[in-house]
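As a plain string of letters, each chain reads:
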Amino acid sequence: MDEARRSRHLALERMEKAAHRLKQENPGTQTSHILSLTMVELAEKLKEGSLSPESVLYSYMDKALEVNREVNCVTDFIHGCEDQLQKLKKQKEKGLLYGIPISIKDHINCKGHISSGGMVKFLGQVKEEDSVIVQVLKHQGGIPFVKTNIPQTMINYDCSNPIFGQTLNPLNPQKSPGGSSGGEGALIAGGGSILGIGSDVAGSIRLPSSFCGLCGLKPTGNRISKQGVISPLIGMQSVTGMLGPMARDVDSLALCMKALLCQEMFQLDPTVPPIPFDEQVYTGSQPLRIGYYEGDGYFQPSPSMKRAVQHTRKLLQDAGHTLVPFALPKIDYVVDELFTRGIFSDGAAHLVDCFKGDIVDPNLKSQYNTYRVPALVKRILAIILKPIAYRTEFIAKWRELRLDVILCPALGPAFNHGYAGKLFAATSYTNLYNVLNFPAGVVPVSVVTSADEEELERYRGHYGDPWDKRLKEAVSGAVGMPVAVQCVALPWQEELCLRFMKEVEALARGTKRNV
């Protein structure tokens with residue numbers, strides 16, 4: 001553990017030196033101008049040559065170091081980024097992500113670096129090659145430059161581990177950035193990265209996006225390659241984890257997906273269906289038929305979560321879309337049976353085994369104690385057929401209502417520190433779509449108001465049990481923090497999901513006229 005901390009310290013020192021050197025080689029760089037550009041604008045300027053990849057990389061390295069000093073989100077400097085810069089100069093064609101600096105979640109393999117998973121077990125295992133996703137990002141001209149922090153095991157939506165410590169939310173240090181892609185959320189929200197790659201098993205892209213005011217997409221399970229990613233979980237049958245992008249706006253997510261869904265990825269990982277990005281669907285403008293729900297019937301939404309859906313529903317209706325109420329079938333069964341048992345289909349035995357010789361992070365203690373109960377091991381069986389039956393029922397209801405997409409709450413606002421590990425069941429809003437294996441994304445639409453905070457005083461929850469009480473405590477004191485909604489489409493319809501997210505984003509920002 002000490003060795004890992006020392007390695008990080010040296011890596012960050014190396015990063016500072018590299019940033020300083022690039023700064024001297026590129027005098028007159030307008031760092032604040034570079035950092036203010038959207039990713040689409042930045043990509044255009046890099047492609048036309050009005051900005052150099054060196055000046056952009058140095059600007060983001062410098063900013064990432066500054067953000068890291070404040071919120072502790074970077075675990076490693078990907079020193080190969082300097083080689084990647086040199087390779088870019090020799091590339092004949094400029095890829096879609098030419099010169100774009102990209103942050104990578106800790107457990108996604110990068111050649112010459114460890115993927116710790118926040119656990120002692122994985123330390124010292126230096127990876128010999130890049131994961132497929134990192135190879136494809138580089139092929140498209142992207143420059144992976146840092147790895148970011150995660151919670152121990154990644155089966156938690158806070159962002160703390162005994163090796164690298166606690167990551168804070170840059171919008172409010174008293175709040176969690178969410179997880180498990182919390183380092184990504186904190187770094188992007190703090191302005192130290194323009195595009196990040198996270199992963200999502202129960203909401204791990206969508207929750208930090210919600211907590212940090214970002215856009216994040218969880219694609220269908222196998223739309224993007226997962227080769228070269230470490231995990232302390234094995235044998236997940238009814239829950240599908242996946243990799244996906246996180247950024248400040250929806251266009252950035254779309255550009256990233258377009259770049260990833262290329263021949264290079266389909267060749268490197270033939271198990272990924274060779275479906276390129278459908279630009280026509282993403283840029284479509286026909287009115288949508290949108291199902292919606294304000295609560296899932298399992299965890300009562302916080303006042304701001306509910307208001308965000310109501311407000312967005314009205315904006316969409318006024319813009320000419322059709323909104324249809326949607327009642328979730330059997331949500332208790334999904335959370336208690338399909339998700340909880342499905343994620344630990346080996347009775348959490350492998351996960352518990354991974355803790356040998358490790359310290360359990362305080363934020364994970366209550367969860368970890370549950371995993372060690374022998375009764376759990378006896379009770380849990382691998383579930384393969386049940387989610388298929390539930391998915392069939394869910395899609396039948398979707399078809400009956402002739403829906404294109406669904407609008408629903410995203411858990412939030414950002415929790416106070418220490419609550420995520422005690423409220424794992426509150427991921428019901430996001431983990432449903434891991435069980436169903438539907439693409440789902442998060443878009444910020446509002447901020448918590450003092451009226452929301454007042455209404456929270458009267459929050460009782462559906463059951464009035466300790467979990468409901470905890471949720472109330474977890475989200476309190478969040479005035480001014482971002483509030484998001486979740487947008488969902490059917491499997492393999494990422495482009496439609498993104499198109500819907502773009503619609504919501506434009507309406508929430510007041511930049512869209514009626515359809």
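These figures come from a predicted structure and were not determined experimentally. (Residues numbered from 1 in each chain as written. Predicted model: local features only at pLDDT ≥ 70, side-chain atom pairs only at ≥ 80, totals over all residues. Heavy atoms only, no water.)

1. Concerning the packing of aromatic side chains
Point 1. Enumeration according to the criterion identifies ten aromatic pairs in this entry.
Point 2. An angle of 55° between the planes, with centres 6.1 Å apart, marks the rings of Tyr298 and Phe299 as tilted. With respect to class, Tyr298 is no different from Phe299; both count as buried.
Point 3. Within the aromatic cluster, the residues linked to one another by ring pairs are Phe326, Tyr390, Phe394, Trp398, Tyr433 and Phe438.
Point 4. Here the basic side chain of Lys422 rests over the ring of Tyr419, its NZ or CZ set 5.5 Å away from the ring centre. (Phe/Tyr/Trp six-rings, centres within 6.5 Å; stacked < 30°, edge-to-face > 60°. Buried < 20%, exposed > 50% of the residue type's maximum accessible area, 1.4 Å probe, protein only. Lys NZ or Arg CZ within 6 Å of the ring centre and 35° of its normal.)

2. Quick notes on the UniProt feature "binding site: substrate" (unreviewed entry) in the protein chain
Point 1. The UniProt record marks Met154, Ser180, Val201, Ala202, Gly203 and Ser204 with the feature "binding site: substrate" (unreviewed entry), using the residue numbering of this structure. For this annotated set, covering 51 residues, all C-alpha atoms fall within 10.9 Å of each other, a compact arrangement in space.
Point 2. Checked against the element boundaries, Ala202 lands in the loop between β6 (195-200) and α8 (206-212).
Point 3. For Ala202, a relative accessible area of 8% translates into the label buried.
Point 4. On the secondary structure map, Gly203 appears in the loop between β6 and α8.
Point 5. What Gly203 contacts, discounting residues up to four positions off in sequence, is Gly179, Pro208, Thr430 and Asn434. (UniProt positions renumbered as here; feature names shortened; annotations may be inferred. Helix = DSSP H or I, 4+ residues; strand = E, 2+ residues; numbered from the N terminus. Contact = heavy atoms within 4.5 Å.)

3. Structural notes on the state of the cysteines
Should the sulfur atoms of two cysteines be covalently bonded, the bond is a disulfide.
Point 1. If you walk through the whole model with that rule in mind, you get zero disulfides.
Point 2. In this structure Cys73 is a free cysteine whose sulfur lies 8.6 Å from that of Cys159, the closest cysteine sulfur available.
Point 3. Just so you know, Cys81 is unpaired, no disulfide at all, and the nearest cysteine sulfur is the one on Cys110, 11 Å from it.
Point 4. A relative accessible area of 1% means that Cys81 is categorised as buried. (Disulfide = S-S within 2.5 Å.)

4. What about the sheet that holds strand β11 (residues 405-409)?
Point 1. A sheet is described by the order of its strands in space; here eleven strands give the open sequence β1-β3-β2-β6-β8-β7-β12-β13-β11-β9-β10, paired in mixed fashion. On the outer flanks of this sheet lie β1 (74-77) and β10 (322-325), each paired with one strand and no other. In this sheet, neighbouring strand axes are inclined to one another by 30° on average, regardless of whether the strands run parallel or antiparallel.
Point 2. Both strand β9 (residues 289-292) and β10 contribute to a ladder of four bridges, which runs parallel. Residue pairing for β10: Gly291 is matched across the bridge by Val324.
Point 3. Relative to β1, helix α1 (residues 2-25) is tilted by about 60°, and along the sheet it contacts β1 and β3 (143-148). (Pairing = 2+ DSSP bridges. Axes fitted to C-alpha atoms, helices over the stretch in contact; angles between N-to-C directions.)

5. As for the environment of Ile163
Point 1. As for its position among the elements, Ile163 is in the loop between β4 (160-161) and β5 (165-166).
Point 2. Exposure remark for Ile163: the relative accessible area of 2% places this residue in the buried category.
Point 3. Sequence separation of Ile163 and Ala186 is 23 residues, and the distance between their C-alpha atoms is 18 Å.
Point 4. In contact with Ile163, not counting residues within four places along its chain, are Met1, Ala4, Arg5, Gly118, Met119, Val120 and Leu123.

6. Quick look at the domain arrangement of the protein chain
Point 1. Looking at the protein chain, the domain boundaries give domain 1 (1-280) and domain 2 (281-512).
Point 2. Spacing between the C-alpha centres of domain 1 and domain 2 amounts to 24 Å.
Point 3. Contacts between domain 1 and domain 2 engage 69 residues on the former and 74 residues on the latter.
Point 4. Between domain 1 and domain 2, the buried area comes to about 5,700 Å², and carbon and sulfur atoms account for 58% of it.
Point 5. Taken together, the connections running from domain 1 to domain 2 amount to three salt bridges.
Point 6. Arg223 serves as the salt-bridge partner of Glu494, at 2.8 Å between the closest nitrogen and oxygen.
Point 7. Counting across the domain 1 and domain 2 interface gives 47 residue pairs in polar contact (both at pLDDT 80 or more).
Point 8. Secondary-structure elements contributing two or more residues to the side of domain 1 that touches domain 2 are β4, α8, β7 (215-218), α9 (250-260) and α11 (279-282).
Point 9. If you tally residues by element for the side of domain 1 that touches domain 2, the top one is α8, at six residues.
Point 10. Split into classes, the residues belonging to the side of domain 1 that touches domain 2 amount to 33 nonpolar, 24 polar and twelve charged. (Domains from an automatic or database assignment. Buried area = accessible area lost by both parts, 1.4 Å probe. Salt bridge = Lys/Arg side-chain N within 4 Å of Asp/Glu carboxyl O. Polar contact = N/O pair within 3.5 Å; in protein donor to acceptor, adjacent residues only side chain to side chain. Nonpolar A, V, L, I, M, F, W, Y, C, P; charged D, E, K, R; others polar.)

7. Digging into the pairing of β9
Point 1. Handedness of the crossover is the feature at issue here: the chain leaves β9, passes through helix α12 (residues 303-318), returns alongside β10, and the resulting connection is right-handed.
Point 2. Taken together, the three bridges between β9 and β11 define a ladder with parallel strand orientation. Bridging across to β11, Tyr292 finds its partner in Leu407. (Right-handed = clockwise from strand over helix to strand, strands pointing away.)

8. Comments concerning the side chain of Thr240
Point 1. On the secondary structure map, Thr240 appears in the loop between β7 and β8 (242-247).
Point 2. When neighbours within four sequence positions are excluded, Thr240 is seen to be in contact with Asp200, Gly221, Lys226, Asn434 and Asn437.

9. Quick word on the pattern of salt bridges
Point 1. The full count for this structure, using the stated rule, is 19 salt bridges.
Point 2. Salt-bridge contacts for Glu3 lead to Arg6; the nearest nitrogen and oxygen are separated by 2.7 Å. Here Arg6 and Glu3 lie together in helix α1, a separation of three residues that amounts to about one turn.
Point 3. Glu3 sits in the partly exposed class, given a relative accessible area of 48%.
Point 4. We note a salt bridge from Lys314 to Asp318, for which the minimum N-O separation is 2.9 Å. Taken together, the residues span about one helical turn, with Lys314 and Asp318 both in helix α12 at a distance of four residues.

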